[in-house]
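Analysis of the macromolecular model
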Amino acid sequence: MSYGPLYLGIDVGTQSLTAILVEAPPPDGESKDRAIRIAARAGVRYDTELRQYGTVNGQLPSDDPAIGRVPPCMWLEALDLAFEKLGPETCRHVRGVSVSGQQHGSVYLQAGSDRVLRSLTPDRNLAEQIEPLLARTEAPIWTDSSTGRECEEIRQALGGATATAELTGSDAFERFTGPQIRRFARTEPDAWANTAHVCLVSSFVTSVLAGRLAPIDHGDGSGMNLLDIRRREWSPAAMAATSTELERCLLPSQPPWTVVGSIAAYFVSRYGFPPDTRVTIGSGDNPCSLVGVGVREPGEAVLSLGTSDTYFCLLPDIAVDPDANGHVFIAPSGHPMSLICFRNGSLAREAVRDRHSLDWQGFEDALRSTPPGNDGMIMLPWFEPEIVPRVASPRVVRLGGLEDAPEQAAENCRAVVEGQFLSMRLNSEWMATRPSRILATGGGSHNREMLQIAADVMGCPVEGHEVSDGAALGAALRATGRRPYPLPPAGGPGPSASPRPQAAAVYDRLLTRYAEAQRRALGR
Ligand code: XUL
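Because the structure is predicted, anything quoted here is derived from the model rather than measured. (Residues numbered from 1 in each chain as written. Predicted model: local features only at pLDDT ≥ 70, side-chain atom pairs only at ≥ 80, totals over all residues. Heavy atoms only, no water.)

**Concerning the sheet that holds strand S15 (residues 327–330)**
Within the open sheet, the seven strands sit side by side as S15-S16-S14-S13-S19-S20-S21. Their pairing is mixed. Among the strands making up the open sheet, the edge pair consists of S15 and strand S21 (493–497). In this sheet, adjacent strand axes meet at a mean angle of 25 degrees when their direction is disregarded. Strand direction decides the pairing type here: strand S20 (residues 462–465) and S21, joined by three bridges, are antiparallel. If you follow Val-462 over to S21, its bridge partner there is Ala-497. Contacting strand S13 (300–305), strand S14 (309–314) and strand S16 (336–342), helix H17 (residues 409–427) runs over the sheet at an angle of about 145 degrees to S16. On top of the sheet, helix H18 (residues 448–458) reaches S13, S14, strand S19 (437–441), S20 and S21; it is set at about 45 degrees to S21, its chief contact. (Pairing = 2+ DSSP bridges. Helix = DSSP H or I, 4+ residues; strand = E, 2+ residues; numbered from the N terminus. Axes fitted to C-alpha atoms, helices over the stretch in contact; angles between N-to-C directions. Contact = heavy atoms within 4.5 Å.)

Next comes the structure, spelled out in structure tokens:
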């Protein structure tokens, strides 16, 4: 296969690393007849392909459901493995690269890291060379909810939940990096004293690719409770509320289109990348997905059905959630974007699927065989601690005659999906934009019946896309360096669904019952 210029997007996700290469005309040679197309793809699943790290669903097993951690070297081994899979014949055509990272996770590097990053040798793999730089061998990731105390301290110091959200775009959240840093400084003061640089997952992997410490972009930076969302720089007040020594550990945050430099010599020697391959600053997986599904203007929303389920859209202006459940981040285009995140996404659906010994086809058949509204059976699907609404300990609530019984397999499948989308509708009302359509991405977006329920509950058309790796694709489109970002390849459309009036009316009524059930379960 002969290639034109290729642009590489790498998504360091929760359960796998995905690399997507798109072929695009060079920025100065805009040509209509050579549209963007996907040239190659490689993926590495951590649990099965990097078994030596012992992860389960991409994180280290722990008896405490509040703890979510990952050895950062696993991401580096996945990166080496993905490049081996792509091979030099492909890599030698790459002109630009950018990273999408699962948001909020943090990596702590010691002094002298920049020097080592600048002199990585191709004779030894990345993990071997970078492990000695880590001030903390495990990175807390977005599933970690152990920082309740720190959230409260930061929130108080900044004047309460609304003031924190007005300043940083979000109330203090357990998985956000600021509270995680504060807990680390309190519980492991020696290791914190040994930290010279704090990275996010996206800036860590970008630093390795560029062979120098890379800054955090405004998009991923807005998931830290540290960025002043209006001024787009680290907030001195938020930094002081987090840790007194934080200032020394963060490079100034940069816009999402910043070029960090050229690719490190390691990747040139080992995988054949051209030495002038441009490395664009990394960003979060949700901001990258906006680009990957082709949202450019306010008015369209994105539904990402991955390990977490997220729902987000571009906003004309910054508007924070008065209930303090939602977030405002900075999108790759520079617009503000609103987002809500549900921890109980695909893992909750998988829990029901596995409990009833089904495969995904069986799960989809179960959805098709049950009526909208599930004859009044409802589930609050908190298999893990939940982010929206905040639920500290896992618990699954079944109501209206629904039981955890083998003869109710199909009803449980419908209940978990309906519960997820009813919660999404309920908790996204603050976004105040009724989207004209919702673009779906992530593994779950292949499931047509699920998209139908989403369309009926949310009351607007939901469109899947042929390429469901929106985050990696978005990173590849960002790597082209063009603004506005190119639209994703048209390809064939994925499954899609339009709201059906009768079903939509059922969900309008059910929403009130669901809201009441949620209120009771939370003891409000
Ligand atoms: C978003 C969030 C998750 C992670 C992992 O706030 O916590 O969606 O980005 O995908």
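**Some details on the layout of surface pockets**
Approximately 960 Å³ is the volume found for the largest pocket. In terms of lining, the largest pocket is formed by 46 residues, of which the most central are Leu-305, Gly-306, Thr-307, Gly-442 and Gly-443. At the level of elements, strand S2 (16–23), strand S3 (37–45), helix H14 (285–293), S13, S16, helix H15 (346–355), helix H16 (360–368) and helix H19 (470–479) are the ones that each hand at least two residues to the lining of the largest pocket. Ranked by residue count, the leading element in the lining of the largest pocket is S3, at four residues. For the lining of the largest pocket, the per-class residue count stands at 11 nonpolar, 26 polar and nine charged. (1 Å grid on protein atoms, 1.4 Å probe; cavity = no way out; pocket = protein on both sides within 12 Å on 5 of 7 lines; lining within 4 Å. Points joined across faces, edges and corners; volume = space filled by probe spheres on them. Nonpolar A, V, L, I, M, F, W, Y, C, P; charged D, E, K, R; others polar.)

**Details of H18**
Burial of H18 is extensive: 10 of the 11 residues sit out of reach of the surface. Glu-449, Met-450, Leu-451, Gln-452, Ile-453, Ala-454, Ala-455, Asp-456, Val-457 and Met-458 are the residues of H18 that are buried. N-cap assignment for H18: the residue whose side-chain oxygen lies 3.2 Å from the backbone N of Glu-449 is Asn-447. Gly-459 lies just past H18 and shows a positive phi near 70 degrees. (Buried < 20%, exposed > 50% of the residue type's maximum accessible area, 1.4 Å probe, protein only. Polar contact = N/O pair within 3.5 Å; in protein donor to acceptor, adjacent residues only side chain to side chain.)

**Remarks on the site of the ligand**
Around the ligand sit Gln-103, His-104, Trp-142, Arg-175, Asp-285, Asn-286, Ser-308, Thr-310, Leu-339 and Cys-341, and that is every residue in its neighbourhood. Between an oxygen atom of the ligand and a main-chain N or O atom of Gln-103, the distance comes to 3.0 Å. Here an oxygen atom of the ligand sits 2.7 Å away from a polar atom, N or O, in the side chain of His-104. The pocket occupied by the ligand, as judged from atoms lying within 2 Å of grid points, is the largest pocket. (Near = heavy atom within 4 Å. Sits in = over half its atoms within 2 Å of the grid points.)

**A short note on the pairing of strand S1 (residues 6–12)**
A large share of S1 lies buried, amounting to seven of its seven residues. Where burial is concerned, the two faces of S1 agree: the one with Leu-6, Leu-8, Ile-10 and Val-12 and the one with Tyr-7, Gly-9 and Asp-11 are both buried. By the bridge criterion, seven bridges tie S1 to strand S5 (residues 94–101) in an arrangement that is parallel. In the sheet register, Asp-11 faces S5, and the bridge partner there is Ser-100. Between S1 and S2, which pair antiparallel one after the other, the connecting turn spans three residues.

**Quick notes on the pattern of salt bridges**
Across all of its chains, the model carries 32 salt bridges by this definition. A salt bridge links Arg-37 to Glu-23; the shortest N-O distance between them is 2.6 Å. Separated by 14 residues along the polypeptide, Arg-37 in strand S3 and Glu-23 in strand S2 bring together distant segments of the chain. Across the pair Glu-516 and Arg-519 runs a salt bridge, and its minimum N-O distance is 2.9 Å. Here Glu-516 and its partner Arg-519 are both found in helix H20 (residues 501–521), three residues apart, which amounts to about one turn of the helix. Arg-519 sits in the partly exposed class, given a relative accessible area of 41%. The network of salt bridges with common partners includes Glu-152, Arg-155, Asp-171, Glu-174 and Arg-390. (Salt bridge = Lys/Arg side-chain N within 4 Å of Asp/Glu carboxyl O.)

**Here's the deal with unusual backbone geometry**
Comment: phi is negative for the bulk of residues other than glycine, and the bulk of peptide bonds are trans. A cis geometry characterises the amide bond from Val-388 onward to Pro-389, with omega recorded as -10 degrees. Inspection of the secondary structure assignment puts Pro-389 in the loop between strand S17 (378–382) and strand S18 (395–399). In this structure, Pro-484 follows Arg-483 across a cis peptide bond, with omega equal to -5 degrees. Within the element layout of this structure, Pro-484 appears in the loop between H19 and S21. Here His-104, not a glycine, exhibits a phi torsion of approximately 80 degrees, which is positive. Here His-104 shows up in the loop between S5 and strand S6 (106–109).

**With respect to the pairing of S20**
Of the pairings in the sheet, the one linking S19 to S20 comprises two bridges and is parallel in character. What sits directly across from Ile-438, in S20, is Val-462. Once you follow S19 into H18 and on to S20, the crossover reads as right-handed. (Right-handed = clockwise from strand over helix to strand, strands pointing away.)

**Overview of empty space enclosed by the protein**
Counting across every chain of the model gives three cavities of 30 Å³ or more. Its volume calculated, the largest cavity comes out at about 70 Å³. For the largest cavity, the full set of lining residues is Asp-309, Phe-342, Asn-344, Pro-381, Trp-382, Glu-386, Val-388, Gly-419, Gln-420, Ser-423, Met-424 and Tyr-514. Contributions of two or more residues to the lining of the largest cavity are made by S17 and H17. It is H17 that contributes the most residues to the lining of the largest cavity, four residues altogether. Residues belonging to the lining of the largest cavity are distributed by class as follows: six nonpolar, four polar and two charged.

**A look at the sheet that holds strand S11 (residues 259–262)**
Strand pairing in a sheet relies on backbone hydrogen bonds, with the paired strands running either antiparallel or parallel. Reading across from one edge, S3-S2-S1-S5-S12-S11 is the order of the six strands in this open sheet, with mixed pairing throughout. Looking at which strands have only one partner, the edges of the open sheet turn out to be S3 and S11. Along the sheet, successive strands turn relative to each other by an average axial angle of 20 degrees, direction set aside. Sheet analysis places S11 next to strand S12 (residues 278–284), joined by three bridges and oriented antiparallel. Bridging across to S12, Gly-261 finds its partner in Val-279.

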